[in-house]
Amino acid sequence: MKVKLLSVLNDSNVDVGQANSQRQIGISISAIAGEFDSNLPLNLCLILDKSGSMHGQPINTVIQAVEGLLDQLKPGDRISIVAFAGSAEVIVPNQVVQDLANIKSQIKNKLNASGGTVIAEGLALGITELMKGTKGSVSQAFLLTDGHGESSLRIWKWELGPDDNKRCLELANKATKFNLTLNTLGFGTNWNQDLLEKIADAGGGTLAYIEHPEQAVDEFSRLFRRIQSVGLTNAYLLLSLMPNVRLAELKPIAQVAPDTIELPVQQEADGRFVVRLGDLMQDVERVVLANIYLGNLPEGRQEIGHIQIRYDDPAVDKQGLLSAIAPVYADVVRLYQPNANPQVQQSILTLAKYRQTQLAEAKLQQGDLIGAATMLQTAAKTALQIGDTGAATVLQTSATRLQAGEELSEADRKKTRIVSKTILQE
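Residues numbered from 1 in each chain as written. Predicted model: local features only at pLDDT ≥ 70, side-chain atom pairs only at ≥ 80, totals over all residues. Heavy atoms only, no water.

**Student:** Even after reading the chapter, I still don't get the nonpolar core, so can you show me in this structure?
**Tutor:** The tendency in soluble globular proteins is for nonpolar side chains to be buried side by side. The biggest cluster of nonpolar side chains holds 38 residues, and the ones touching the most others in it are Leu46, Ile81 and Phe220. The element contributing the most residues to this core is helix H1 (residues 57–70), with seven residues. Leave out the neighbours within four places in its chain, and Ile81 touches Leu46, Leu48, Val66, Glu89, Val90, Ile91, Val92, Ile103 and Ile107. (Core = buried A, V, L, I, M, F, W, Y, C linked by side-chain atoms within 4.5 Å. Buried < 20%, exposed > 50% of the residue type's maximum accessible area, 1.4 Å probe, protein only. Helix = DSSP H or I, 4+ residues; strand = E, 2+ residues; numbered from the N terminus. Contact = heavy atoms within 4.5 Å.)

Written out as structure tokens, the structure is:
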């Protein structure tokens with residue numbers, strides 16, 4: 001398995017007389033299978049909410065979705081299942097898939113809805129189970145919940161009791177250090193969208209929304225197809241910039257496909273910038289934007305930086321492999337004329353849609369309904385520019401409701417969040 005790595009500027013021409021020029025580097029990364037490469041074995045953990053609010057049709061449809069997923073596992077794949085309510089328990093310990101009938105029987109017998117919602121305990125147990133089967137595999141978790149984690153009680157400067165949400169984020173960050181990927185699924189309309197999105201973003205996974213119980217099977221299958229396509233794991237983007245070229249200080253690097261995520265950046269002692277990407281899918285592009293500024297550069301074709309990917313290949317049990325270096329060039333010209341790259345321009349608009357929607361949410365939380373509506377209209381227009389008509393419809397509908405003085409329902413707000421960062425699954 002190899003890495004395919006491409007990079008290009010949104011505008012490759014730079015005015016030699018301009019002291020400070022802003023550019024975006026569009027970076028495309030994917031795993032490319034060789035002639036004899038086969039799919040990696042999966043190490044999958046399902047972390048499932050069985051609190052009282054999941055009683056009846058919700059828990060029954062989740063069991064149906066889990067059974068459908070189990071039927072898609074292949075020999076050599078591993079499965080573990082954790083359930084949580086007021087506490088958490090391991091329903092199916094980490095094991096190679098062999099006796100599917102027995103696994104399904106355990107799920108039906110033990111996945112009975114009752115009690116509260118302590119997400120962190122389930123997440124901690126799930127990570128523990130995943131750690132038992134990481135060697136030579138793609139290790140991912142599906143965390144499904146329909147509720148909020150329990151917050152601590154704060155009296156003046158003292159914090160009493162555990163903060164479930166805070167612990168969840170600590171666990172998500174810890175999971176990445178063990179090369180684990182966390183995907184989250186919000187069920188119904190009462191789940192904590194901030195928490196589930198942060199867990200998925202920190203854990204290198206994706207956020208899915210199951211608005212109605214009957215959508216559970218499709219959402220599980222969609223996420224499962226994604227992890228089946230993983231070819232390389234534990235990938236990091238390494239970015240080096242030449243003198244007179246600098247990275248933007250505020251939100252400098254973001255992923256725009258397959259989901260939009262602000263990516264944290266670390267700088268190493270040698271000056272390289274390092275960004276964790278996580279798992280790389282076969283023939284599915286991971287598209288990243290880096291926002292840079294160029295100072296005065298000599299006229300002519302100039303190398304302004306270079307990019308490399310560090311990754312693991314579980315199929316051959318090798319870690320810390322390096323891709324070929326991809327140089328980034330700019331043409332510094334005396335008679336400047338724009339030379340825009342349409343693919344990078346599309347990525348810039350995709351990121352703009354996400355950030356405009358975030359601004360709308362911030363205004364909504366401040367009680368500025370008109371300001372939120374205006375930003376959602378702007379995001380809807382941006383969505384139309386990139387051909388994302390589904391997002392445009394959702395965003396404009398929410399804007400219209402706010403303009404009419406209506407409050408957005410929980411379902412409206414969650415759809416708005418989802419379409420800002422990915423394609424809404426109907």
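The discussion continues.
**Student:** I would appreciate a short explanation of the pairing of strand E19 (residues 300–313) in the present structure.
**Tutor:** Each regular strand displays side chains that alternate between the two surfaces of the sheet. Note that strand E12 (residues 230–241) and E19 share seven bridges and pair antiparallel. Along E19, the bridge assignment pairs Leu241 with Gly305. As defined by bridge partners, E19 adjoins strand E21 (residues 326–333) across seven bridges and the pair is classed as antiparallel. Bridging from a neighbouring strand, Arg301 pairs with Asp331 of E21. (Pairing = 2+ DSSP bridges.)

**Student:** When you look at the pairing of strand E5 (residues 78–84) in this model, what are you seeing that I'm missing?
**Tutor:** Counted residue by residue, E5 has six buried out of seven residues, so it is predominantly covered. Where the polypeptide runs from strand E4 (residues 42–49) across H1 and back to E5, its parallel neighbour, the crossover connection is right-handed. (Right-handed = clockwise from strand over helix to strand, strands pointing away.)

**Student:** Hey, could you run me through helix H9 (residues 389–403) in this one?
**Tutor:** Side chains three or four residues apart in an α-helix point the same way, a direct result of the helix having 3.6 residues per turn. Along its 15 residues, H9 runs 21 Å from first to last C-alpha, staying within 8% of the 21 Å computed at 1.5 Å per residue. Turning to H9, its buried residues are Ala391, Ala392, Val394, Leu395, Ser398, Ala399 and Leu402. After H9 finishes, the residue Gly405 shows a positive phi value of roughly 85°. (Expected span 1.5 Å × (residues − 1).)

**Student:** Which parts of the structure should I look at to understand the confidence of the model for the protein?
**Tutor:** Regions with low pLDDT carry predicted coordinates that are not meant to be interpreted in detail. Here the protein averages 91 in pLDDT, and 95% of its residues register 70 or above. Low pLDDT, under 50, characterises residues 151–161; the stretch is placed with 13 contacts to residues that sit more than four places away or in other chains. (pLDDT = per-residue confidence, 0-100.)

**Student:** What am I meant to see in the sheet that holds strand E6 (residues 88–96) here?
**Tutor:** Strands pair in a sheet through their backbones, by hydrogen bonds, and they do so in one of two ways: parallel or antiparallel. Ordered in space as E6-E5-E4-E7-E10-E11, the six strands form an open sheet in which the pairing is mixed. Strands with a single pairing partner mark the edges of an open sheet, and in this sheet they are E6 and strand E11 (204–210). Averaged over neighbouring strand pairs, the angle between their axes works out to 10° when direction is ignored. Of the pairings in the sheet, the one linking E4 to strand E7 (residues 138–145) comprises seven bridges and is parallel in character. (Axes fitted to C-alpha atoms, helices over the stretch in contact; angles between N-to-C directions.)

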